Amino acid sequence: EALHGLAEHVVDYHGVIKLEPDTQAAWGAGPEYLVLGDKTNAFAKPCVMDVKIGTQTFEPDAPADKQARDLAKYPRQAEVGFRLIGMRVLTYGADGGADGSGGSEPRFTTKGKKYGRSLEPERA
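Just so you know, these numbers come straight off a predicted model, no measurement behind them.

Now for empty space enclosed by the protein. Enumeration over the complete set of coordinates arrives at 1 cavity of 30 Å³ or more. Looking at the largest cavity, the residues that line it are T55, Q56, T57, D70, L71, Y74, P75, Q77, A78 and R83. Elements with a minimum of two residues in the lining of the largest cavity: α2 (64-73) and α3 (77-80). Its residues assigned to classes, the lining of the largest cavity shows 4 nonpolar, 4 polar and 2 charged.

And the structure:
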């Protein structure tokens, strides 16, 4: 019941699409892709965060090498219960600007996997 409040913030799942072989080359490796809804289309300047929730991101029966690779990405995930994959946030004024200028114009700041992996548990 506590999770029902999150439903409005979670994207809709529309299944999996399998691309034709000639199309796959243009999109990169992997024959299947998730089809998800867009929760940001109603916002002028959406801020978004991608988080892997849980103490592990692999199936219990995953091969040992897959488990080791996933655990190495952010060893503290078991401790904090999630991993930050990336985010894009709008910053203003003295806090503002991706370039650190502190200007009054709002600017987007983007943080990727490297930033998420660098977080100590007390900052996560």
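On the surface, L3, L6, V10, V11, Y13, V16, L34 and L36 cluster together into a nonpolar patch covering about 790 Å² of accessible area. Broken down by secondary-structure element, the contributors of at least two residues to the nonpolar patch are β1 (13-18) and β2 (32-36). The exposure class of L3 is exposed, given its relative accessible area of 64%.

In this structure, T91 sits in strand β4 (residues 82-91). At a separation of 3.5 Å, a polar atom in the side chain of T91 contacts the side chain of T109.

What follows concerns the pattern of salt bridges. All told, the structure shown has 5 salt bridges when counted by the stated rule. Residue R69 is joined to D65 by a salt bridge in which the shortest nitrogen-to-oxygen separation is 3.4 Å. Taken as a pair, R69 and D65 lie in helix α2 at a separation of 4 residues, close to a single helical turn. Relative accessible area serves as the criterion here: at 48%, R69 is assigned to the partly exposed category. Here E120 and R76 are joined by a salt bridge, their closest N and O atoms 3.4 Å apart. Separated by 44 residues along the polypeptide, E120 in the segment after α4 (113-118) and R76 in the loop between α2 and α3 bring together distant segments of the chain.

Rules of the game
- One numbering rule holds for all chains: residues counted from 1, following each sequence as written.
- Reporting in this predicted model follows two pLDDT cut-offs: at least 70 for local features of residues, and 80 or more for side-chain atom pairs to be given and counted; totals over whole chains, interfaces and linings ignore these cut-offs and use all residues.
- Side-chain metrics in this entry use all non-hydrogen atoms of the structure; hydrogen atoms and water are not considered.
- Grid points spaced at 1 Å and placed over the protein atoms alone form the basis of the search, with a cavity being a set where a 1.4 Å probe fits but cannot get out and a pocket an open set showing protein on both sides within 12 Å along at least five of seven lines. Lining residues have an atom within 4 Å of a point.
- Grid points are joined across faces, edges and corners, and a volume is the space filled by probe spheres set on the points.
- Each helix corresponds to a stretch of at least 4 residues labelled H or I by DSSP, and each strand to a stretch of at least 2 residues labelled E; elements are numbered beginning at the N terminus.
- Three residue categories are used. Nonpolar comprises Ala, Val, Leu, Ile, Met, Phe, Trp, Tyr, Cys and Pro, charged comprises Asp, Glu, Lys and Arg, and polar comprises the others, including Gly.
- For patch detection, residues must exceed 30% relative accessible area and be free of salt bridges, and they are connected within 9 Å for like charges or within 5 Å for nonpolar side chains (Val, Leu, Ile, Met, Phe, Trp, Tyr).
- Method for areas: the Shrake-Rupley scheme with a 1.4 Å probe, in which residue coverage is limited to the protein chains shown.
- The working definition used for a salt bridge is a side-chain nitrogen of Lys or Arg within 4 Å of a carboxyl oxygen of Asp or Glu.
- For every residue, the accessible area (1.4 Å probe, protein chains only) is compared with the maximum for its type, and the residue is labelled buried under 20%, exposed over 50%, or partly exposed between those bounds.
- Within 3.5 Å is the distance limit for a polar contact, defined as a pair of N or O atoms, with the added protein rule that one can donate a hydrogen and the other accept it, and that residues adjacent in sequence qualify only through two side-chain atoms.

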